[in-house]
Amino acid sequence: MFTATPYESDSRNYHFKRCKLCGAESASPKYRLKKTAVYVCPVCDFHYINYLDNLPPVVPDETLPELDHKSRSYIESCLPANELQHRTNLQLVKRQTPLSGKQCLDIGAGAGLFAHLLTESGALVQGIEPQAIFRAFAREKFGIELRGETVDADCWQQGFRDFFDLVTLWDVFEHVNFPAELLQQTGNLIKPGGLLVLDTPRRDALYYRISEWSYRLSKGANPLFLESLYSPLPFRHKQIFTLRQLIHLVERTGFTVSSMNSSLFQMHNKMVLVCRKPESSPSSPH
Ligand SMILES: [Zn+2]
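A. Layout of the overall build of the chain. The secondary structure content of the chain amounts to eight helices and ten strands. Expected size for 286 residues packed as a compact globule is a radius of gyration near 19 Å; at 19 Å, the chain falls within 12% of this value. Relative to its 286 residues, the chain shows a buried fraction of 49%. Partitioning the contacts of the chain with sequence separation of at least 6, the portion at a separation of at least 24 is 68%. Here the chain displays about 13,600 Å² of accessible surface, and carbon together with sulfur accounts for 54% of that area. Put simply, the chain has 32 plus and 30 minus side-chain charges, and the middle of one group is 7 Å from the middle of the other.

Next comes the structure, spelled out in structure tokens:
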């Protein structure tokens, strides 16, 4: 449990017939969209596109970009909707654990809003955000120093093993190149008994099934929401899980699911999982 497995991280060399979830070598493109193709694994039914991000090199914090007016205005304009969502997320977390004095890590911290709310609640907070412009915003707006190194980096895997009481992954799982590996690496950083809370869109929801039916009936001419659900642009959606696949993955990684919240019928609905790292699950040597 919680052992990192080697994986191919170079998008130019990744063979997409290899399922990103179960590793079987028999996936094939099922939905051909305008700019990308959705591969489907016949073994585990995982859906993912044939695109991986090449992560930008980490910019040392002293050389973070200057925020220009346009970027600042754009990020500011997104904050109210994000604040509403993140205040809901904060209430969910507070129902699970008191936050005062707790070591917390927000992965995919964006503009730093949730990290800010955790800090306001008395938590000791660190955050990871690979996009430098968001780190610059978080520093300017909230006085928070987010880290650019992703969770697989030595600074996390060697410096923060079994360290955090709580790790949050809001809207991250659908965006990263390799969600299974991310989960393993994240698990390494959580204390035994600590919590992982995540949300991600749900593929077995009605909007997705209708889109699949539409694609089949129109012989690919009308994929409905599939075009907007997936994108080969950097940091956009690369895979979407069903609830069963997500639960299976977190349990396979060594977590137990404490609670979940989801509905099959909402548009672009999310599933939210609260997972606990068992007290008796020591991290593997690395
Ligand atoms: Zn598979």
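B. Seen up close, the confidence of the model for the chain. For the chain, per-residue confidence averages 90 on the pLDDT scale, and 90% of positions sit at 70 or higher. A low-confidence stretch, residues 1-9 stays under pLDDT 50, and its non-local contacts, those more than four residues away or across chains, total 27 contacts.

C. Structural detail: the sheet that holds strand β10 (residues 270-276). Taken together, six strands build an open sheet; the order of strands is β5-β4-β6-β7-β10-β9 and the sheet is mixed. Of all strands in the sheet, those with a lone pairing partner are β5 (124-128) and β9 (256-261), marking the two edges. For this sheet, the mean inter-axis angle between neighbouring strands, taken without regard to orientation, is 15°. Across five bridges, the pairing between strand β4 (residues 103-107) and β5 is parallel. When the sheet's bridge partners are listed, C104 is paired in β5 with V125.

D. Representation of the coordination of the zinc ion. Distances from the zinc ion to its protein donors, C19 (SG), C22 (SG), C41 (SG) and C44 (SG), fall within 2.2 to 2.3 Å. Considering all four donor atoms around the zinc ion, the spread of angles at the metal, 102 to 115°, places the coordination shape in the tetrahedral class. Counting residues between consecutive donors of the zinc ion along the chain gives the motif C-x2-C-x18-C-x2-C.

E. Local environment of the sheet that holds strand β3 (residues 47-49). Read from one edge of the open sheet, four strands run β1-β2-β3-β8, paired in antiparallel fashion. Edge positions in the sheet fall to β1 (28-32) and β8 (239-240), since each of these pairs with one other strand and no more. Sitting on the sheet, helix α6 (residues 206-217) is in contact with β1, β2 (37-40), β3 and β8, with an inclination near 90° to β1.

F. Up close: the pairing of strand β7 (residues 190-201). The buried fraction of β7 is high, at ten of twelve residues. Strand direction decides the pairing type here: strand β6 (residues 164-170) and β7, joined by six bridges, are parallel. Looking at β7, one finds that W170 is bridged to D199. In terms of handedness, the path from β6 via helix α5 (residues 179-189) over to β7 forms a crossover that is right-handed. Two elements, β7 and β10, share seven bridges in a ladder whose sense is antiparallel. Note on β10: the bridge partner recorded for P201 is K270.

G. The packing of aromatic side chains, seen in detail. Scanning all chains against the criterion turns up 17 aromatic pairs. Judged by centre distance (5.1 Å) and plane angle (45°), the rings of W156 and F160 are tilted. Look at W156 and you get buried, because its relative accessible area is 0%. The exposure class assigned to F160 is buried, which follows from its relative accessible area of 16%. The cationic tip of R147 hangs over the ring face of W156; the distance from NZ or CZ to the ring centre is 4.9 Å.

Rules used throughout
- Residues numbered from 1 in each chain as written.
- Predicted model: local features only at pLDDT ≥ 70, side-chain atom pairs only at ≥ 80, totals over all residues.
- Heavy atoms only, no water.
- Helix = DSSP H or I, 4+ residues; strand = E, 2+ residues; numbered from the N terminus.
- Rg over C-alpha atoms; globule rule 2.2 N^0.38 Å.
- Buried < 20%, exposed > 50% of the residue type's maximum accessible area, 1.4 Å probe, protein only.
- Contact = heavy atoms within 4.5 Å.
- Areas by Shrake-Rupley, 256 points an atom, 1.4 Å probe, with all protein chains shown as cover.
- Lys, Arg positive; Asp, Glu negative; His and termini not counted.
- Charge placed at Lys NZ, Arg CZ, Asp CG, Glu CD.
- pLDDT = per-residue confidence, 0-100.
- Pairing = 2+ DSSP bridges.
- Axes fitted to C-alpha atoms, helices over the stretch in contact; angles between N-to-C directions.
- Donors = N, O, S within 2.8 Å, 3.2 Å for Na, K, Ca; no water.
- Tetrahedral: all angles 85-135°; square planar, octahedral: opposite > 155°, others 65-115°.
- Right-handed = clockwise from strand over helix to strand, strands pointing away.
- Phe/Tyr/Trp six-rings, centres within 6.5 Å; stacked < 30°, edge-to-face > 60°.
- Lys NZ or Arg CZ within 6 Å of the ring centre and 35° of its normal.

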